[in-house]
Amino acid sequence: MARLDDYFVITAPGLEELCAAEIQQLGISAEISVAGGLQFRGGLRELYLINLWSRTASRVLVRLGEFTARDFPALYQKLSKQPWGRFVRPGQDCNIKVTCHGSRLNHSGRIAQTCLDAIRRVLGQDGGGVPETVTIYLRFTEDRCQVSIDSSGEHLHRRGYRQAHGAAPLRETLAAGCLLSCGYDGSQALVDVMTGSGTFALEAAMIALKRAPGLTRDFAFMAWPKYRAGLWQQLCVEARRQQKQELDAPITAVDSNPKAVAAAAANMKAGEVDELIDLRCCAMQELTPNTDGGLLICNPPYGERLGRNAVLNALYHDLGRIYSEVFSGWDGAILCPDNLLLKASGLKLHQLLRLSNGGIKVGLFLKRG
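Note that the coordinates shown come from a computational prediction; the quantities given were computed from them, not determined experimentally. (Residues numbered from 1 in each chain as written. Predicted model: local features only at pLDDT ≥ 70, side-chain atom pairs only at ≥ 80, totals over all residues. Heavy atoms only, no water.)

The subject of this paragraph is the packing of helix α5 (residues 172-181) against helix α6 (residues 199-208). Close contact between α5 and α6 brings their axes to 9 Å; oriented N to C, the two are set at 65°. Read as a crossing pair, α5 and α6 show a hand that is right-handed. Across the interface between the two elements, Glu 172, Ala 175, Ala 176, Cys 178, Leu 179 and Leu 180 of α5 pack against Thr 199, Phe 200, Glu 203, Ala 204 and Ile 207 of α6. Each residue belonging to the contact of α5 with α6 can be placed in one class, and the counts come to 8 nonpolar, 1 polar and 2 charged. (Axes fitted to C-alpha atoms, helices over the stretch in contact; angles between N-to-C directions. Helix = DSSP H or I, 4+ residues; strand = E, 2+ residues; numbered from the N terminus. Left-handed = near helix turned anticlockwise from the far one by under 90°. Contact = heavy atoms within 4.5 Å. Nonpolar A, V, L, I, M, F, W, Y, C, P; charged D, E, K, R; others polar.)

Here is the structure:
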């Protein structure tokens, strides 16, 4: 029988249910265990699938083991019994991250060195020339040590298409979560009202084309001794077979700032969707509907980021008019703090999500067409 492991999926707080639903669609049952975290049990296939397909997960960890340790000799002994050979090559560099809460052992530097000494004892010092660094997490809580291995490498929001940044860029996982929360699946038209570096439009295109977000990047698990390259290639082939070449409904991205439009254009070209998205440099007040219905979505500037003033109030007033009058039959979503700026729009909105964007608490608010 295939080996089963315990896994922990990290996601942005507020996206847990969306992430669980994504994983469920992959045929994997995961349950929310803490804010920003889900757990499931599975094999390498399930691990690879989530890294390949999840649009809202930030990172996937393997739970290696858990034990009690109240002194360093006990810690060394128990760390030496962990199955390091499945995940670390002899001599491979290790980035050991330690957190301690209410435990006798609280010297993070010495804990990390003890772990490294245990790994070297088990695996030896001679390396195989592996350039990648494996990341290990040791979490102490009331003398219980939880050992985890990172499978993802770079944060999963790094799809590989972001070549240029606009002002206050939106993380790709948050953009995808907002779109999925609105029910966007590519069957309806979409307008990204203030596109910035194009994240909403790009993530919408990837959803509409059924493109796996991890298809063109590398992962930490590829450097593991037990990496199954054949299985990974099979999953990638299956993903490419599902991928569509054309959009079922138009995606439009608009910004009045030429520098933002240039950044969005560079990202769309890197993401190979530049010929599919209608990118325009114009004011949002110039927009008119291109279909009878669809979704408008917007991550407008807000006071905490760029300073509150009368110009911002006027901007939100115009945004509300566009949503309620020009695109009256469309759904309209706004990512914004629940403050006076949002009230200035005059829209009747209900909250779908509560998130943190760049350390600022924001909500995703929706009005139905």
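Back to the write-up after that little detour.
With that settled, the discussion passes to helix α3 (residues 72-79). Turning to α3, its buried residues number three or more, namely Phe 72, Ala 74, Leu 75 and Leu 79. Buried residues of α3, seen end-on, are gathered within an arc of 160° and therefore sit on one face of the element. Lining the buried residues of α3 we find β4 (57-68), α4 (108-123), β6 (134-141) and β7 (144-150). For α3, the N-terminal capping position is held by Asp 71, with its side-chain oxygen 2.8 Å away from the main-chain nitrogen of Ala 74. (Buried < 20%, exposed > 50% of the residue type's maximum accessible area, 1.4 Å probe, protein only. Arc of directions from axis to C-beta. Polar contact = N/O pair within 3.5 Å; in protein donor to acceptor, adjacent residues only side chain to side chain.)

What follows deals with the environment of Thr 252. Relative to the helices and strands, Thr 252 resides in strand β9 (residues 251-255). Accessibility expressed as a relative area gives 2% for Thr 252, which makes it buried. Along the chain, Thr 252 and Leu 190 lie 62 residues apart, while their C-alpha atoms are 6.2 Å from each other. With sequence-adjacent residues up to four places away left out, Thr 252 is seen in contact with Leu 190, Val 191, Asp 192, Asp 278, Arg 280 and Asn 290.

A separate point is the nonpolar core. Counting 63 residues, the largest nonpolar core has Leu 179, Tyr 184, Val 193 and Ile 251 as its most contacted members. Tallying contributions element by element places α6 first for this core, with 8 residues. In contact with Ile 251, not counting residues within four places along its chain, are Tyr 184, Leu 190, Ala 201, Ala 204, Ala 205, Leu 276, Ile 277 and Asp 278. Grouped together as the second largest cluster of nonpolar side chains are 56 residues, Ile 28, Ile 50, Trp 84 and Ala 118 included. (Core = buried A, V, L, I, M, F, W, Y, C linked by side-chain atoms within 4.5 Å.)

Note: strand β2 (residues 31-34) against strand β3 (residues 37-42), 3 bridges, orientation antiparallel. In the strand pairing of β3, Glu 31 is matched with Gln 39. (Pairing = 2+ DSSP bridges.)

We now examine the sheet that holds β6. Sheet architecture is open: 7 strands sit in the order β2-β3-β1-β4-β7-β6-β5, paired in mixed fashion. Edge positions in the open sheet fall to β2 and β5 (94-101), since each of these has one partner strand only. For this sheet, the mean inter-axis angle between neighbouring strands, taken without regard to orientation, is 30°. Along the sheet, α4 makes contact with β5 and β6, crossing β5 at roughly 135°.

Another point: helix α8 (residues 258-270). With 13 residues, α8 ought to run about 18 Å at 1.5 Å a step, and its terminal C-alpha atoms sit 18 Å apart, in line with that. Of the residues making up α8, those classed as buried are Ala 260, Val 261, Ala 263, Ala 264, Asn 267 and Met 268. Projected onto a plane normal to the axis of α8, the buried residues spread over an arc of 160° and lie on a single side. Summarising the geometry of α8, the exposed residues directed more than 90 degrees from the buried face are Pro 258, Lys 259 and Lys 269. Of the surrounding elements, those touching the buried residues of α8 are α6, β9 and β10 (277-281). Sitting at the head of α8, Asn 257 places a side-chain oxygen 2.9 Å from the backbone nitrogen of Lys 259. (Expected span 1.5 Å × (residues − 1).)

Moving on: empty space enclosed by the protein. All chains considered together, the criterion is met by 1 cavity of 30 Å³ or more. By volume, the largest cavity is sized at about 30 Å³. Lining the largest cavity are Asn 51, Ser 54, Leu 156, Arg 159, Pro 213, Gly 214, Arg 217 and Phe 219. (1 Å grid on protein atoms, 1.4 Å probe; cavity = no way out; pocket = protein on both sides within 12 Å on 5 of 7 lines; lining within 4 Å. Points joined across faces, edges and corners; volume = space filled by probe spheres on them.)

Moving on: the side chain of Gln 92. Looking at the element boundaries, Gln 92 is found in the loop between α3 and β5. Within the structure, Gln 92 has its side chain in polar contact with the backbone nitrogen of Arg 89 (distance 2.9 Å).

Right, let's get into the packing of aromatic side chains. Scanning all chains against the criterion turns up 11 aromatic pairs. Seen from their ring centres, Tyr 48 and Phe 221 are 4.4 Å apart, and the 20° between their planes marks the pair as stacked. Of the two residues, Tyr 48 sits in helix α2 (residues 44-53) while Phe 221 sits in the loop between α6 and α7 (229-242), which places them 173 residues apart along the sequence. Since its relative accessible area comes to 0%, Tyr 48 is described here as buried. The class of Phe 221 is buried, set by a relative accessible area of 0%. Ring-pair connections join several aromatic residues into one group, and the members of that group are Tyr 48, Phe 87, Phe 219, Phe 221, Trp 224, Tyr 227 and Trp 232. A cation over an aromatic ring shows up here: Arg 63 above the ring of Phe 8, its NZ or CZ 4.3 Å from the ring centre. (Phe/Tyr/Trp six-rings, centres within 6.5 Å; stacked < 30°, edge-to-face > 60°. Lys NZ or Arg CZ within 6 Å of the ring centre and 35° of its normal.)

Moving on, we come to the side chain of Ser 58. Inspection of the secondary structure assignment puts Ser 58 in strand β4. With near-sequence residues (within four places) excluded, Ser 58 lies in contact with Ile 10, Thr 11, Ala 12, His 155 and Leu 156.

To continue, consider the pattern of salt bridges. A complete count under the given rule lists 11 salt bridges for this structure. For Arg 86, the salt bridge is made with Asp 5, and the minimal N-O distance between the two is 2.7 Å. With Arg 86 in the loop between α3 and β5 and Asp 5 in strand β1 (residues 5-11), the pair connects residues that are 81 residues apart, well separated along the chain. As far as burial versus exposure is concerned, Arg 86 and Asp 5 are alike and both buried. The partner of Asp 143 in a salt bridge is Arg 70, with the nearest N and O atoms 3.6 Å apart. One end of the pair, Asp 143, is in the loop between β6 and β7; the other, Arg 70, is in the loop between β4 and α3, and 73 residues separate them in sequence. A relative accessible area of 10% places Asp 143 in the buried class. (Salt bridge = Lys/Arg side-chain N within 4 Å of Asp/Glu carboxyl O.)

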